[in-house]
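# A closer look at the structure
Letter by letter, the chains look like this.
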Amino acid sequence: MSATRPFAIVTGASTGIGLELSKRCAREGFDLLIVADEPAIEDAAALLREGGASVEALNADLATTDGVDALYRAVNGRPVDALLANAGRGLGRAFLDQDFAKAKRVIDTNITGTIYLIHLIGNDMRRRNAGRILITGSIAGFIPGSFQAVYNGTKAFLNSFAFALREELRGTEVTVTCLMPGATDTEFFRRADMLDTDVGTTEKDDPAKVAADGFEAMMSGAGDIVSGIKNKVQSAAANVLPAGLLAGQHRKMAEPGSAKS
């Protein structure tokens, strides 16, 4: 990797929004360290290198302290110009029907691992007084997520955390941006066991467009970006409708068996 080119870390980069964020970073001249908890991260790295990017891949479980520490060691003291904290995990079904170990893993991935990584890299950025952080939240964070209760709760945390951290860093040259997509055409719904739900089977947003929106917002230093007109309308409505009504609406989308035939 070149000492003169900007350096970015993208987590959850093997597929979906994370892979598309990595592609955009590569096109914009970043050297990359991409991370995921599956061997497919090596395939993603090979794809990115075909375009001439300098890419290092790491298979690490960012739901664990050891996994985050392994990622931080892989940075090897290099200044990180952009941290795109995108790793996330979903889980469908009613909370009391879920395997609690799987529910806990959603929390450990989406919240604990994410903020631990940001704490490590963010402190380095603050010492240098330079850097950009992009956190992948979700419009799901505005909605009580019946049949996705833990997942939506984690995204509510990330949405809030991003704005709080941004305010704490006001007056520095470190920016924090929250990307808030809606339902996006990725592996998320299959992995979350939601292919028999309405939201799992309806048309979804293009991950490349979501990633482009997020990258451009990060580079401009914006505080947040809701990707897609439909999602902008939905997030605006969520700010004024009663929580009980929103939970009922979410049930229609996420309850098992709600897929339209």
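This text follows the structure it describes.
The structure contained in this document is the topic of the report that follows. None of the values given here were measured: they were computed from a predicted structure.

## Looking at the overall build of the protein
Of the regular secondary structure elements, the protein holds 10 helices and seven strands. Seen along its three principal axes, the alpha-carbon backbone of the protein occupies a region of about 55 × 40 × 30 Å. By the burial criterion, 51% of the 261 residues in the protein qualify as buried. Contacts in the protein between residues far apart in sequence, at least 24 positions, make up 68% of those at least 6 positions apart. In the form shown here, the protein has an accessible surface area of approximately 12,000 Å², with 54% of it arising from carbon and sulfur atoms.

## Looking at the packing of helix α3 (residues 65–75) against helix α4 (residues 100–128)
Here α3 crosses α4 at 25°, and the two axes come no closer than 9 Å. The angle between α3 and α4 places the two elements in the roughly parallel class. Here α3 and α4 pass one another in a crossing that is right-handed. For the pair α3 and α4, contact is made by Thr-65, Val-68, Asp-69, Leu-71, Tyr-72 and Val-75 and by Gly-113, Tyr-116, Leu-117, Leu-120, Ile-121 and Asp-124, respectively.

## Structural notes on the state of the cysteines
Summed over all chains, the structure comprises zero disulfides. Cys-178 provides the cysteine sulfur closest to Cys-25, a residue in no disulfide bond, and the two sulfurs are 17 Å apart. According to the relative accessible area criterion, Cys-25 is buried, its value standing at 0%.

## A short note on unusual backbone geometry
A positive phi angle, near 55°, is found at Asn-76, a position not held by glycine. For Asn-76, a relative accessible area of 64% translates into the label exposed. Its identity is not glycine, yet Arg-93 carries a phi of approximately 85°, on the positive side. Its location among the elements puts Arg-93 in the loop between β4 (82–85) and α4. Of the residues examined, Arg-93 reaches a relative accessible area of 23% and is grouped as partly exposed.

## What to know about the sheet that holds β4
Pairing within the open sheet is parallel, and its seven strands lie in the order β3-β2-β1-β4-β5-β6-β7. Sheet topology places β3 (55–59) and β7 (224–226) at the edges, where each strand pairs with a single neighbour. Direction aside, the axes of adjacent strands within the sheet are offset by 15° on average. Direction of pairing for β4 relative to strand β5 (residues 131–136): parallel, over a ladder of four bridges.

Conventions we followed
- Residues numbered from 1 in each chain as written.
- Predicted model: local features only at pLDDT ≥ 70, side-chain atom pairs only at ≥ 80, totals over all residues.
- Heavy atoms only, no water.
- Helix = DSSP H or I, 4+ residues; strand = E, 2+ residues; numbered from the N terminus.
- Buried < 20%, exposed > 50% of the residue type's maximum accessible area, 1.4 Å probe, protein only.
- Contact = heavy atoms within 4.5 Å.
- Areas by Shrake-Rupley, 256 points an atom, 1.4 Å probe, with all protein chains shown as cover.
- Axes fitted to C-alpha atoms, helices over the stretch in contact; angles between N-to-C directions.
- Parallel < 35°, antiparallel > 145°, perpendicular 65-115°, else oblique.
- Left-handed = near helix turned anticlockwise from the far one by under 90°.
- Disulfide = S-S within 2.5 Å.
- Pairing = 2+ DSSP bridges.

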